[in-house]
Amino acid sequence: MSLALIVMFVGFGLLIGILFGFFGMGGSFLVTPALLVMGYDANVAVGSGLAFVFGTSVIATLKHRDLGQVDYKLGVLMIAGTTAGIEVGKIGLEYLQHIGLAGSVVSVAYVLLLGGIGVFVTYEAMKGSGGGIDHDVDEDADLEDEEIPEIAQKIQSYNVPPMISIRGGFRVSLWMVLAVAFATGVLSGFLGVGGGFIRMPALFYLIGVPVPVAVGTDLFEIVFSGGIGSFLYAQSGAVELGIVAPLLAGSALGARVGAAATNLVDEDDIKVYFGVMLLLGAIAVAVREIGGLLEMPVLDVVSLAIILGAALLVSGAVVYSGVTVLREDASAPPSTAD
Amino acid sequence: MIGGGSLMGSVDAGMLIGAVLLEAIVLYIGYGAVEQLLGEPVVNRIKNN
């Protein structure tokens, strides 16, 4: 591997880390499409993407470990359901590779997933609600005061035994928890994503887990699902440390920058850019697929440029907004309220 | 029965994932120390520019 490629991976990891640290989600699922665009085999792109997700989630979990925002019982159940789902997703991917459709199907699934979430986040952000849910660490959060979404209240009302109690003071059917875990596990194994950007909203909107507990439990769970998923791929030699190590070195630094920016910048102000970035990611993968169909290699380069440009645009906006707020604070006259 | 090749593959895979885990912990501690050391001076420099 050339030095230029290592530097590029560190730089890409830095951009992704800033996005992950700032939004608490997103970024990691840009790695697999980027690797696909760069010409890596689908199983290497997915396996290395999972290993990167594993490393990133270890770092994020270490930040959350002392906040007491992990429901270990829920986490273990999620691990069981996700592990089964990853196996199914991996078998599905291997079958598609066997019949020569893996690259195309994974790419189309990414287009639909990134595009769908991108449209949702952009729409919600432009509507004014900020888009999605807040992923920031909130040390003062009162779990009892968390508002439970209407759909989750409906699901909690279904009394399908065995029922389990969840931290935050409510009970839910074990089967619903396992179903959510299994579905996100299938996506994890199939697409090489941690599944957090789907599981987090699912835990909140479908099961009604309070956001702080959903964040902590999700991170705890991703450590295991990412670790198991990447181990399974590593057994068949589909994890390249030369890809994962520089990406992780960049993202760990970027995550600190992004996390620091969350204390300065209003997240709602910038979420619309995040939604646009996801949409651009979907377009990039679609452009690559069209390039493959029309046998136009130049579209691969266009696709990679769109992915890197989108990550650079949004992470640059985060850093710029943070620096601007710092300078405004420094130039503001001191308060005389006291 | 587990074949020798399969076992070696599992051991190699375990070592690979262990290396990623070790790197993550080292990066967390290392960057944390750097942030403690340089965080405030960098913020002050940004404010004063």
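Everything that follows concerns the structure shown earlier in this document.
Residues numbered from 1 in each chain as written. Chains lettered and ligands numbered in written order. Predicted model: local features only at pLDDT ≥ 70, side-chain atom pairs only at ≥ 80, totals over all residues. Heavy atoms only, no water.

Student: Can you help me understand the overall build of chain B in this one?
Tutor: Check the secondary structure of chain B and you find 1 helix and 0 strands. Within chain B, buried positions represent 22% of all 49 residues. Summed over its atoms, the accessible surface of chain B is roughly 3500 Å², and 68% of this surface lies on carbon and sulfur atoms. (Helix = DSSP H or I, 4+ residues; strand = E, 2+ residues; numbered from the N terminus. Buried < 20%, exposed > 50% of the residue type's maximum accessible area, 1.4 Å probe, protein only. Areas by Shrake-Rupley, 256 points an atom, 1.4 Å probe, with all protein chains shown as cover.)

Student: Is there a simple way to explain the packing of aromatic side chains in this structure?
Tutor: Here a ring pair, both rings aromatic, is described through the centre-centre distance and the interplanar angle of the planes. Taken as a whole and judged by the stated rule, the model has 0 aromatic pairs over all chains. Seen from the ring of A:Tyr233, A:Lys90 lies directly overhead, with NZ or CZ sitting 5.9 Å from the centre. (Phe/Tyr/Trp six-rings, centres within 6.5 Å; stacked < 30°, edge-to-face > 60°. Lys NZ or Arg CZ within 6 Å of the ring centre and 35° of its normal.)

Student: Hey, could you run me through the pattern of salt bridges in this one?
Tutor: Any two side chains of opposite charge can pair, given that their charged atoms come close. One pass over the structure, following the stated rule, counts 2 salt bridges over all chains. With its nearest N and O atoms 2.6 Å apart, the salt bridge here joins B:Glu35 to A:Arg256. Of the two residues, B:Glu35 sits in helix 1 (residues 4-48) while A:Arg256 sits in helix 10 (residues 241-262), which places them in two different chains. On the basis of relative accessible area, B:Glu35 is assigned to the partly exposed category, the value being 39%. (Salt bridge = Lys/Arg side-chain N within 4 Å of Asp/Glu carboxyl O.)

Student: What am I meant to see in the packing of helix 4 (residues 72-98) of chain A against helix 7 (residues 174-191) of chain A here?
Tutor: Each pair of packed helices can be summarised by the angle the axes make with each other and by the distance between the axes. Residue and element names in this part refer to chain A. One way to put it is that helix 4 packs onto helix 7 with a least axis distance of 6 Å and a crossing angle of 40°. Taken as a pair, helix 4 and helix 7 cross one another with a handedness that is right-handed. A breakdown of the residues in the contact of helix 4 with helix 7 according to their chemical character gives 16 nonpolar, 9 polar and 1 charged. (Axes fitted to C-alpha atoms, helices over the stretch in contact; angles between N-to-C directions. Left-handed = near helix turned anticlockwise from the far one by under 90°. Nonpolar A, V, L, I, M, F, W, Y, C, P; charged D, E, K, R; others polar.)

Student: Just checking my understanding: could you explain the interface of chain A and chain B for this structure?
Tutor: Interface size is commonly expressed as the accessible surface area that is lost when the partners come together. At the junction of the two partners, chain A supplies 25 residues and chain B supplies 21 residues. Of the roughly 2100 Å² buried at the junction of chain A and chain B (both faces included), carbon and sulfur atoms supply 76%. It is A:Arg256, A:Leu326 and A:Arg327 in chain A that bury the most area against chain B; as a group they hold 26% of the surface buried on that side. Here chain A and chain B share 1 salt bridge between them. Going through the elements one at a time, helix 3 (42-64), helix 9 (211-235), helix 10 and helix 12 (298-331) of chain A are the ones with two or more residues in the side of chain A that touches chain B. (Contact = heavy atoms within 4.5 Å. Buried area = accessible area lost by both parts, 1.4 Å probe.)

Student: Which parts of the structure should I look at to understand the nonpolar core?
Tutor: In summary, soluble globular proteins display a tendency toward joint burial of nonpolar side chains. Residues and elements named next belong to chain A. Counting 64 residues, the largest nonpolar core has Phe12 and Met277 as the members making the most contacts within it. The greatest single-element share of this core, amounting to 11 residues, is contributed by helix 3. With residues up to four places along the chain from it excluded, the contact list for Met277 reads Leu19, Leu30, Ala310, Ala311 and Val314. Counting 22 residues, the second-largest nonpolar core is a separate cluster that includes Val180, Leu203, Ile207 and Leu219. (Core = buried A, V, L, I, M, F, W, Y, C linked by side-chain atoms within 4.5 Å.)

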